[in-house]
Structures are given as structure tokens and as C-alpha cells.
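Per-entry structural report
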Amino acid sequence: AVSALLATLTSSDNSDARVLFIFSVILEHASPEYSTHDLFDVMEKIILSAVGSRSNAIREVAIGCLGKLGLFSNSDNVVSEFKPILLKIAANKDEAIRCRGQALLALSDLALLFSDILNPCHDSESGENLSFSFIVGEMMVHTNTTLATIAAEVATKLLFSMDSMDTSLLSPLLVSYLDPN
């Protein structure tokens, strides 16, 4: 992600990339006691805007920032605002692989803190119910090995945290471990 971000710094979207890079570093190192600071409200607006960028590199970093920002947000905001966005990105087969993977990783981190992330979410645009566990299980058998590996990591994280004992996650994880192909 860093090399893609550095390449983007020389493009026309360089100010967005710089801002997101700074936000990413702040969100990684900020103390939880600052979670109510007004800066986080400003960050949220900029990050949510960047998630819709046309640039895959910008969008990938913004998705990562959104996941980190969720760690400082309250449960209601994460479940009502961030979860639907991240689920739609992860489920979108037309989305860039790296953005889908970043959304999966963000959702898995949020699921460790907010158990409601594991509950299905209704997408009013498509009319579909989006389930994090279903998306992870589907991605574990994806033809792209990078995405399948990320999905296996997410499934393992969820199973070890005991937040999910979903057999639909355990089965493909065991198959991927036992079958080298």
C-alpha cells in the first residue's frame, strides 16, 4: 500500500494522498483519550469522501483509514455508517482486489470490538442482505490467491477471537489448509 501511495503522490491526486497518509499515521498512533477530539469529525468527512475516489490507490488508503477511524468511533456510528460502506466494497466483484482486501481487514478489526459487525446488513440500493461471514467464506475460495489469503486470515482471526463459530468459515479454512492446490 505504501508503494502505491508513494506512486500516487506524484499524480494529480497528490494532496488527497498526502492527507490520507498523514491521517493513517495519526490514527495508528493516537491515544484513545483523543477519540472525542473535533479532528476526528473532520477526518471522517475527508476519509468518507476519499472512499469514493476514482483512484484505486487513494480508495485503498481511505478504506484502511476508515477501519482505523472506526476504532475511535462509537458502536452506533461504526455499525450504521462504516459497516455498510465496508461490506459493499468487500462484496463488490467489480471493485479492485486490493480495495476489497482492505475492506475485509478493516471489518475484521472492527468485528473484534463491535460484535454487531457480524450481523447481516441490508443494502437498500441493491436490496441484498450483506453478511460479513458469507463474504469472507466466498473470498476464501476466490481465484485470486491474495484475496483468498486475506480472507483466510480474517476467518482465522474471527474464529480465534471466538466472535464467530460459523462453520461456513471453518470448512473452507480447513480445506485450504489440507488441500495444497
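Residues numbered from 1 in each chain as written. Predicted model: local features only at pLDDT ≥ 70, side-chain atom pairs only at ≥ 80, totals over all residues. Heavy atoms only, no water.

Let us look at the overall build of the chain. Of the regular secondary structure elements, the chain holds nine helices and two strands. For the chain, the N- to C-terminal ordering of α and β elements is α-α-α-α-α-α-β-β-α-α-α. Entry remark: accessible area of the chain is about 9,700 Å², with carbon and sulfur atoms responsible for 56%. (Helix = DSSP H or I, 4+ residues; strand = E, 2+ residues; numbered from the N terminus. Areas by Shrake-Rupley, 256 points an atom, 1.4 Å probe, with all protein chains shown as cover.)

Taken together, the side chains of Val19, Ile22, Ile26, Leu39, Val42 and Ile46 define a hydrophobic patch exposed on the protein surface, amounting to about 430 Å² of accessible area. Tracing the sequence through the fold places Leu39 in helix α3 (residues 38-51). Looking at Leu39, the relative accessible area reads 37%, which means it is partly exposed. (Patch = residues over 30% accessible without salt bridge, like charges linked within 9 Å, V, L, I, M, F, W, Y side chains within 5 Å. Salt bridge = Lys/Arg side-chain N within 4 Å of Asp/Glu carboxyl O. Buried < 20%, exposed > 50% of the residue type's maximum accessible area, 1.4 Å probe, protein only.)

What follows is about the side chain of Lys83. As for its placement among the helices and strands, Lys83 is situated in helix α5 (residues 75-91). Buried charge without a partner: Lys83 forms no salt bridge, and the closest opposite charge is Asp116, 6.8 Å away. (Lys, Arg positive; Asp, Glu negative; His and termini not counted.)

For the structure shown, the criterion picks out seven salt bridges. Residue Asp109 pairs with Lys157 through a salt bridge whose shortest N-O separation is 3.0 Å. Highlighted residues: Asp109 in helix α6 (residues 97-113) and Lys157 in helix α8 (residues 145-160), separated in sequence by 48 residues. For Lys157, a relative accessible area of 24% corresponds to the partly exposed category. Overlapping salt bridges, with partners in common, bring together Lys88, Asp123 and Glu125 in one network.

Within the largest apolar cluster, 51 residues are counted, with the highest numbers of intra-cluster contacts made by Ile47, Leu104, Phe132 and Val136. At the level of secondary structure, the elements contributing two or more residues to this core comprise α2 (14-29), α3, α4 (56-70), α5, α6, α7 (132-140), α8 and α9 (167-178). For this core, the element with the most residues is α8, which contributes eight residues. In this structure Val136 touches Leu104, Ala151, Val154, Ala155 and Leu169, once residues within four positions along its chain are discounted. (Core = buried A, V, L, I, M, F, W, Y, C linked by side-chain atoms within 4.5 Å. Contact = heavy atoms within 4.5 Å.)

For the rest of this paragraph, the subject is the packing of α3 against α4. Direction vectors running N to C along α3 and α4 enclose 145°, while the axes themselves pass 8 Å from each other. The chirality of how α3 crosses α4 is left-handed. For the pair α3 and α4, the contacting residues are Phe40, Glu44, Ile47, Leu48, Ala50 and Val51 in the first and Ile58, Arg59, Ala62, Ile63, Cys65, Leu66 and Leu69 in the second. In terms of residue class, the contact of α3 with α4 is made up of 11 nonpolar, no polar and two charged. (Axes fitted to C-alpha atoms, helices over the stretch in contact; angles between N-to-C directions. Left-handed = near helix turned anticlockwise from the far one by under 90°. Nonpolar A, V, L, I, M, F, W, Y, C, P; charged D, E, K, R; others polar.)

Let's shift gears to the packing of α4 against α5. Helix-helix packing: each pair is described by the crossing angle between the helix axes and the interaxial distance. α5 packs onto α4 with a crossing angle of 150° between their chain directions and a minimal axis gap of 11 Å. Our classification of the angle between α4 and α5 gives roughly antiparallel. You can see that α4 and α5 cross each other, and the crossing is left-handed. Taken together, the residues of α5 that come into contact with α4 (itself represented by Ile63, Leu66, Leu69 and Gly70) are Val78, Phe82, Ile85, Leu86 and Ile89. For the contact of α4 with α5, the class distribution of residues is eight nonpolar, one polar and no charged. (Parallel < 35°, antiparallel > 145°, perpendicular 65-115°, else oblique.)

Okay, the confidence of the model for the chain next. Taken over all residues, the pLDDT of the chain has a mean of 84, while the share at 70 or more is 88%. Of all secondary-structure elements in the chain, the lowest mean pLDDT belongs to helix α1 (residues 2-8), at 52, while α4 reaches the highest, 94. (pLDDT = per-residue confidence, 0-100.)

Turning next to α6. Residues spaced three or four apart along an α-helix point in a common direction, a consequence of the helix completing one turn every 3.6 residues. In this model α6 runs 25 Å from its N-terminal to its C-terminal C-alpha over 17 residues, within 8% of the 24 Å that 1.5 Å per residue would give. Within the sequence span of α6, burial applies to Cys99, Arg100, Gly101, Gln102, Ala103, Leu104, Ala106, Leu107, Ser108, Leu110 and Ala111. Residues of α6 that are buried sit in contact with α4, α5, α7 and α8. (Expected span 1.5 Å × (residues − 1).)

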